[in-house]
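# Fold and geometry: a report
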Amino acid sequence: MDSVFETIRAALCSIARLAGGYATVIDLCNGNHKTVDPAGQEVPHYPLEFYEGLEEACESSRPLLIVSRQEAGLQYLYLRLGDCLLAVNNVLRARREADLKAIFREALPLIARVAGGEAVLFDRQGIRFFTVNPDGKESDRGMGELTYLGRQAMELGRPVIGPSLLEEGAMAVRIPVTAEFGLGFNNVLAVKQKKMLASTSRRDYPRYTFDHIIGTSRAIQHCIRQARQVAVTNSTVLLFGETGTGKELFAQSIHNASQRSGGPFVAINCGAIPASLVESQLFGYEAGAFTGARKEGQPGVFEQANGGTLFLDEISEMELELQSRLLRVLQERELMRIGGKKPIPVDVRVIASTNKDLWQMVASGKFRQDLFYRLNVVDLRIPPLRERVEDIPLLVRHFIKQFRDIFGTFVRDISPEALECLMAYSWPGNVRELQNCIERTMNLATHEVILPSDLPALIRNCACRLPENTASGSCAGQIAPVPLPGNSSPGEQDMDEDETPFVKTPGSCELKGTTQAVERSTILRVLEETGYHRRRAAERLGISTTTLWRKMKRLGLLPEKARVSV
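Here we summarise the structure given alongside this text.

## Some words on the overall build of the protein chain
For the protein chain, the count of helices and strands is 21 helices and 23 strands. For the protein chain, the residues scored as buried account for 44% of the 566 residues in total. Residue pairs in contact within the protein chain that sit at least 24 positions apart in sequence constitute 61% of those at least 6 positions apart.

Written out as C-alpha cells, the structure reads:
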C-alpha cells in the first residue's frame, strides 16, 4: 500500500496545478497525509477539515464530486484507490473566477454606457445572472433568462455577434470570458437615438408659405400680417402657440418670405432628443471627439443651417446647461464643435417656438432670463382654434378635399348640423385635432355629406364654444366639477363630489346632460391624455384622486384586479 501512497504523492503537483487548487493523498489505515498547493509546493500542515464532504468520501468506494456550500464555484473531487484517498479542490481557480466576475460586474456599467445599450453576464448555459441598463444602473430585467447567442458563444468558445431582438438594426455581442461565464452587450439605445435624431433633425425643402395658412378671421389674419412684416428682416423670432396651432407652418412661411429663402431650412425638436445628444446635434463634433463618433466628424444643425434658417421647436425643453451655450452662439455668431479647437462662424436666422409660458419658466428658474431676452426679439402669438371659430368651416372643407383626394372616398361635404357641432367644440388640440377628426370621419362616413352621427362621440356630446375673450391658454382643456347653474339649494350644496357633474370651464367641455355615457367618455379621454396617471387626471378634472377612483369604479374604468381587491 505504501507504493500506492507514494505513487499518488508523486503525482500531486501535476494534479494540483491541473485542478487549480490543493491536492491531498490520505492513507486511510494510519491517517498519514500529504498536501501540495496550486504551485506544486508541499504544505506540511494543511487542515483536512478544509475539504467539505471528506467523511462521506472516506466511507464511499465510488468517486465523489461535491459542490461547496460555503464558496461559489468551489468543488471537491474524491477518488478512492485501495486504502488511499485522493482529495482535490479548485479553490484557487474558483477564487480567481470570483474575482474576475467581480471585476466584470464593476466594469459592466461602463461597458453599457460606451456600447450604448444593455450589458449582461451569463453562465456556461447562457443564463443571465447580472444585467445593467444603458444608463449604467443594475436591472432585474431578463434575470434567469436564456440568451441564445450567449449559449452559442459558450459552446463554441469564441465570440458570437448577431442581430438584437430588441430593436431592428441593433447588434448584440456575446463573449466567453472563462469556461464558467461570459459577457454580452448590445447597442440598442444608440440605434434608437440615431433613429430619433433622424426624425427630429430635418433639412427639408420648406414646403409651406403664407398662402397655405387657411383662415379669414381677424385673429389669424393679424398674426399673418405680423409674420409677413417680420419675414423681411433678419431678426430672431419666438413663436408662442398651443399644441397643434401650426408653429412650424409659420416658421417655414417666414423663411420662404425672407431673403434667406434660397438657403437651407433646418428644424430640430429640442424636446424629442435625449439630453446626452442635444449638444452634439446643435454644435456638431470633431473626429474622435467621443466613443462612437464618426471618424470624419459631423456638423451640427447650426452649420447645416448656415446661410438659412434654424427652427428650434419646443425650445422650453432645453436643459439649462445647454441654454448657456446656445446663448453664446446667438451672441457671438460662432460656435465650437465638441472636441474642436477653432471657433466656426455661422450666419443663421433663428426661429424658436414653445407651447409653454417662458416668462413663468424664467421666474421659476427653469429657463435662462438672458436667453429669453435674446430669443424674444420679435414674439408672435399664434391664436388657438377656439379664438378663430369662424375659420373652422374653411379648414373642414379644406381637409375634406385633401382626404378625398388621398383616400378616393365619396364624401364631398359636411352638413350644417355637423358643422355646428364642430364649431361648438373647444379643440384643445387645435388644427391638428380638427385634421385628425376629419380624417377619422372620412374613413368611417357612409354618406356623401358628413352628418353629426359620423363625428366622434366626444365632439357630439360637448358644447364648448367659449364667450369671446374668455379663453385662456393656461387653462385650456381643463375640466372641473362644479354645481350646475340654478342648482344651489341647501340639500344639493352638500352633494357628494362623486355625483357632481362636469360643466364648462374655460377651454373645457360642457356636457349636454349628466348621463353616465358622457361622464365615462370625458373621464376616459382625460385618462388617455395623461397616460392613465390618476393624480394628473384628477388635477385635470378638478377632483380629488379618491373621487376619481370612485367614479372609475362606478363607470367600470378600473382594471379587473383593482375592482376585485376592494
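## Observations regarding the sheet that holds strand β8 (residues 138-139)
Strand pairing in a sheet relies on backbone hydrogen bonds, with the paired strands running either antiparallel or parallel. With antiparallel pairing, 6 strands are arranged side by side in an open sheet as β8-β7-β6-β11-β10-β9. Looking at strand neighbours, the two that pair on one side only are β8 and β9 (160-163), the edges of this open sheet. Where strand β7 (residues 128-132) meets β8, 2 bridges bridge the pair, whose relative direction is antiparallel. Bridge assignment links Val132 to a residue of β8, and that residue is Glu138.

## Some thoughts on the side chain of Asp37
You can see Asp37 is positioned in the loop between β2 (33-36) and α2 (54-59). One buried charged residue, Asp37, remains without a salt bridge, the closest side chain of opposite sign being Arg17 at 7.2 Å. A distance of 3.0 Å separates a polar side-chain atom of Asp37 from the backbone nitrogen of Ala39. Apart from residues lying up to four places away in sequence, Asp37 is in contact with Ala16, Gly21, Tyr22 and Val43.

## Topic: the sheet that holds strand β5 (residues 84-89)
Taken together, the 5 strands give an open sheet; going across it, the order is β2-β1-β5-β4-β3, and neighbouring strands pair in antiparallel fashion. Each having just a single partner strand, β2 and β3 (64-67) make up the two edges of the open sheet. Direction aside, the axes of adjacent strands within the sheet are offset by 15 degrees on average. Each of β1 (23-27), β2, β4 (75-81) and β5 is contacted by helix α1 (residues 2-19), which is oriented at about 160 degrees to β1, the strand it contacts most.

## Observations regarding the side chain of Gln252
With respect to the helices and strands, Gln252 occurs in helix α7 (residues 247-256). A residue is classified by how much of its surface remains accessible, and Gln252, at 6% relative accessible area, is buried. Discounting residues that sit within four places of it in the chain, Gln252 has contacts with Pro206, Arg207, Tyr208 and Phe265.

## Brief notes about helix α13 (residues 392-407)
With 16 residues, α13 extends 22 Å from end C-alpha to end C-alpha; this agrees with the ideal 22 Å at 1.5 Å per step. Considered for burial, the residues of α13 that qualify are Ile392, Pro393, Leu395, Val396, Phe399, Ile400 and Phe403. All buried residues of α13 lie within an arc of 160 degrees about the axis, which places them on one face of the element. Residues of α13 that are buried in the fold lie against β20 (413-414), α14 (416-424), α15 (430-444) and β21 (449-450).

## Examining the nonpolar core
In this structure, Leu282, Phe302, Leu310, Leu312, Ile315 and Phe367 are the most contacted members of the largest nonpolar core, which totals 32 residues. Top element by residues in this core is helix α10 (residues 320-332). It accounts for 5 residues. When near neighbours in sequence (up to four residues on either side) are disregarded, Leu282 contacts Ile268, Gly300, Val301, Phe302, Leu312 and Met318. With 27 residues, the next largest nonpolar core counts Val389, Ile414, Ile438 and Ala445 among its residues.

## Regarding the packing of α13 against α15
Taken N-terminus to C-terminus, the directions of α13 and α15 make an angle of 45 degrees; their axes are 9 Å apart at the nearest point. The angle between α13 and α15 falls in the class oblique. Note that α13 runs across α15; the crossing there is right-handed. Side by side, α13 and α15 meet where Leu395, Val396, Phe399, Ile400, Gln402, Phe403, Arg404 and Phe407 of the first sit next to Val431, Leu434, Gln435, Ile438, Glu439, Met442 and Asn443 of the second. When the residues that make up the contact of α13 with α15 are grouped by side-chain class, the tally is 10 nonpolar, 3 polar and 2 charged.

## Focus on the pairing of β4
Pairing geometry for β3 and β4, over 4 bridges, is antiparallel. Note that in β4 the partner of Val67 across the bridge is Gln75. Two strands pair when backbone bridges link them, and β4 and β5 are joined in this way by 6 bridges, in the antiparallel orientation. Note on β5: the bridge partner recorded for Tyr78 is Ala87.

## Digging into unusual backbone geometry
Despite not being glycine, Glu314 has its phi angle at roughly 55 degrees, a positive value. Counting through the fold element by element, Glu314 comes out in the loop between β15 (309-313) and α10. By relative accessible area, which is 29% here, Glu314 ends up partly exposed.

## A look at the packing of aromatic side chains
Given two aromatic rings, one states the distance between the centres and the angle between the planes to describe the pair. The tally for this structure, following the rule as stated, stands at 13 aromatic pairs. Where Tyr46 meets Tyr51, the ring centres are 5.8 Å apart and the plane angle is 70 degrees; that geometry is what we call edge-to-face. The pair formed by Tyr46 and Tyr51 is uniform in burial state, with each residue classed as buried. Ring geometry for Tyr51 and Tyr76: centres 6.0 Å apart, planes at 65 degrees, overall edge-to-face. Of this pair, Tyr51 sits in the loop between β2 and α2 while Tyr76 sits in strand β4; the two residues are 25 residues apart in sequence, bridging distant segments of the chain.

Parameters and conventions
- Residues numbered from 1 in each chain as written.
- Predicted model: local features only at pLDDT ≥ 70, side-chain atom pairs only at ≥ 80, totals over all residues.
- Heavy atoms only, no water.
- Helix = DSSP H or I, 4+ residues; strand = E, 2+ residues; numbered from the N terminus.
- Buried < 20%, exposed > 50% of the residue type's maximum accessible area, 1.4 Å probe, protein only.
- Contact = heavy atoms within 4.5 Å.
- Pairing = 2+ DSSP bridges.
- Lys, Arg positive; Asp, Glu negative; His and termini not counted.
- Salt bridge = Lys/Arg side-chain N within 4 Å of Asp/Glu carboxyl O.
- Polar contact = N/O pair within 3.5 Å; in protein donor to acceptor, adjacent residues only side chain to side chain.
- Axes fitted to C-alpha atoms, helices over the stretch in contact; angles between N-to-C directions.
- Expected span 1.5 Å × (residues − 1).
- Arc of directions from axis to C-beta.
- Core = buried A, V, L, I, M, F, W, Y, C linked by side-chain atoms within 4.5 Å.
- Parallel < 35°, antiparallel > 145°, perpendicular 65-115°, else oblique.
- Left-handed = near helix turned anticlockwise from the far one by under 90°.
- Nonpolar A, V, L, I, M, F, W, Y, C, P; charged D, E, K, R; others polar.
- Phe/Tyr/Trp six-rings, centres within 6.5 Å; stacked < 30°, edge-to-face > 60°.

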